Amino acid sequence: MQLVKASRDALLKPLQVVSGIVERRQTLPILANILVRKDGAKVSFTANDLEIQIETAADIGAGNDAVATTVSARKLVDILRALPEADVGLSLSARKLTIQSGKSRFNLQTLAAEEFPTVAQAEFSADFKLPAATLKYLLNMVHFAMAAQDIRYYLNGMLLVVDGTTVRAVATDGHRLALCEVSKDDATGKVEAIMPRKTILELLRLLPDSDEPVRVQMAANQVKFSFGSIELISKLVEGRFPDYQRVVPANNTKFVTVGRAEMMAALQRAAILTTDKFKGVRMVLAPGSIKINSTNADQEDAQEELEVDYAGEGLDIGFNVTYLLDVLGNLTSEHVRFSFGDAIGSALLTMPDSEKFKYVVMPMRI
């Protein structure tokens, strides 16, 4: 039975959309597969890892019949990538999927579509739309502060807060915190949800840099994103996110504005003499200048000095240089504003022309 007749790229594009969440090692063999459903000309592709489900569709079907099967995501994508640019046909017979292109032919084992797990959609309590570029910007501004494998599982994700006409994203790994907010047109009640790290990274991969609307639907244990022909459904992380409002320092009295690119370049140079185990640098703030110092176990040292418009009290404070480079690499503003309290208090980084982004970083002993 003929399933698909299309160019290689037309078939590969939807497969690459969904196959990103398929892990190489699976507890259930069916999870290594993608679900292929054909209904006339419309062919849909679905991947599921029991936490996230991604579905997309394309008009590449052959014939008017309806059929469904599952096949190895990795093998199918690898074969299509290796084929030359030409028409490709997919056909199903005797529980095997045949891939035909020119004189190349591959037969892959399939599993029954009825065995494939699909997500049951929840009752959504919040429903709003954001331009794709706006949502991507929001996630981009904070995702680097998420924890990776913290025992506090609720830190291995991002808090999304919808309140009135504001959408706020917050991420923290316990040592630094990033917060960003954007506005939306329609007002809604307050909803909070912790989205898994993998969901955030998939959205950053899939969201286009355009004003195409993204529909966001949130429930107590589920979130759904719909844009273009893509539908992403994710479970939410259970747990209580830290009170991020209390983390943002409100009494810092030392303020200095520096060029973002200039500061980033100085930190990158100073970081050369740090080690993988110790990424600390010292920042010495004095009237008219800010110095960045680093040393290592071999008694090597580096010093950078930037001229700044500052006339307040001096300060000697240490930071993990990676935490500073992460935020400076994600910002797009020409300048960044630092505010400090004392040598043991958190520093706050903001953009001079906007209060919608805040980055809090704890100091370290050097």
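Residues numbered from 1 in each chain as written. Predicted model: local features only at pLDDT ≥ 70, side-chain atom pairs only at ≥ 80, totals over all residues. Heavy atoms only, no water.

## Here we look at the pattern of salt bridges
Here comes step 1: For the structure shown, the criterion picks out 19 salt bridges.
Here comes step 2: One salt bridge connects Asp 78 with Arg 74, and the closest N-O pair in it is separated by 3.9 Å. Taken together, the residues Asp 78 and Arg 74, both in helix H2 (residues 73-82) and 4 residues apart, mark about one turn of the helix.
Here comes step 3: For Asp 78, a relative accessible area of 34% translates into the label partly exposed.
Here comes step 4: The exposure class of Arg 74 is partly exposed, given its relative accessible area of 41%. (Salt bridge = Lys/Arg side-chain N within 4 Å of Asp/Glu carboxyl O. Helix = DSSP H or I, 4+ residues; strand = E, 2+ residues; numbered from the N terminus. Buried < 20%, exposed > 50% of the residue type's maximum accessible area, 1.4 Å probe, protein only.)

## Structural notes on the environment of Ser 210
Here comes step 1: Here Ser 210 lies in the loop between helix H4 (197-206) and strand S12 (213-218).
Here comes step 2: Separated by 76 residues in sequence, Ser 210 and Thr 134 have C-alpha atoms that sit 8.5 Å apart.
Here comes step 3: With near-sequence residues (within four places) excluded, Ser 210 lies in contact with Pro 131, Ala 132 and Ala 133. (Contact = heavy atoms within 4.5 Å.)

## Considering the side chain of Lys 38
Here comes step 1: As for its placement among the helices and strands, Lys 38 is situated in strand S2 (residues 33-39).
Here comes step 2: A polar atom in the side chain of Lys 38 sits 3.3 Å from the backbone oxygen of Gly 40.
Here comes step 3: Within the local environment of Lys 38, its side chain forms a polar contact with the side chain of Asp 65, the two groups lying 2.8 Å apart.
Here comes step 4: For Lys 38, the contacting residues outside a window of four places in its chain are Gln 2, Leu 3, Val 43, Gly 61, Ala 62, Gly 63, Asn 64, Asp 65, Ala 66 and Val 67. (Polar contact = N/O pair within 3.5 Å; in protein donor to acceptor, adjacent residues only side chain to side chain.)

## Thoughts on the pairing of strand S21 (residues 347-351)
Here comes step 1: Across the 5 residues of S21, 5 count as buried, placing the element largely inside the fold.
Here comes step 2: Alternating positions in S21 separate into two faces, Ala 347, Leu 349 and Met 351 on one and Leu 348 and Thr 350 on the other, with burial throughout.
Here comes step 3: As paired elements, strand S20 (residues 335-340) and S21 share 3 bridges and run antiparallel to each other. From the neighbouring strand, Phe 338 faces S21, where its bridge partner is Leu 349.
Here comes step 4: The hairpin turn running from S20 into S21, its antiparallel successor, is 6 residues long.
Here comes step 5: For S21 and strand S22 (residues 354-361), the ladder comprises 5 bridges, and the chain directions are antiparallel. Counterpart to Ala 347 in the pairing with S22 is Val 361.
Here comes step 6: Here S21 folds back onto S22, and the loop between the two strands holds 2 residues. (Pairing = 2+ DSSP bridges.)

## Some remarks on the nonpolar core
Here comes step 1: Grouped together as the largest cluster of nonpolar side chains are 106 residues, with contacts concentrated most on Ile 34, Met 218, Phe 225, Met 263, Met 283, Phe 338 and Phe 340.
Here comes step 2: With residues up to four places along the chain from it excluded, the contact list for Phe 340 reads Asn 252, Thr 253, Lys 254, Val 256, Met 283, Leu 285, Leu 315, Ile 317, Phe 319 and Ala 347.
Here comes step 3: Counting residues in hydrophobic clusters, the runner-up holds 12 residues, among them Val 161, Ile 194, Val 237 and Leu 348. (Core = buried A, V, L, I, M, F, W, Y, C linked by side-chain atoms within 4.5 Å.)

## As for the pairing of S12
Here comes step 1: Across 6 bridges, strand S9 (residues 126-131) lies against S12 in antiparallel orientation. Looking at the pairing, Asp 127 lines up with Gln 217 of S12.
Here comes step 2: Across 4 bridges, the pairing between S12 and strand S13 (residues 222-227) is antiparallel. Directly across from Val 216, in S13, lies its bridge partner Phe 225.
Here comes step 3: Where S12 folds back onto S13 in an antiparallel hairpin, the turn is made up of 3 residues.

## A short note on the sheet that holds strand S16 (residues 280-286)
Here comes step 1: Read across the sheet, 4 strands follow the order S18-S17-S16-S19 without closing on themselves; strand pairing throughout is antiparallel. On the outer flanks of this sheet lie strand S18 (301-307) and strand S19 (315-320), each paired with one strand and no other. Going across the sheet, the axis of each strand differs from the next one's by a mean of 20°, ignoring polarity.
Here comes step 2: Looking at chain direction, strand S17 (residues 289-295) and S18 are connected through 7 bridges and run antiparallel. Bridging from a neighbouring strand, Thr 295 pairs with Asp 301 of S18.
Here comes step 3: The strands touched by helix H7 (residues 321-330) are S16 and S19; relative to S19, the strand with the most contacts, the crossing angle is about 80°. (Axes fitted to C-alpha atoms, helices over the stretch in contact; angles between N-to-C directions.)

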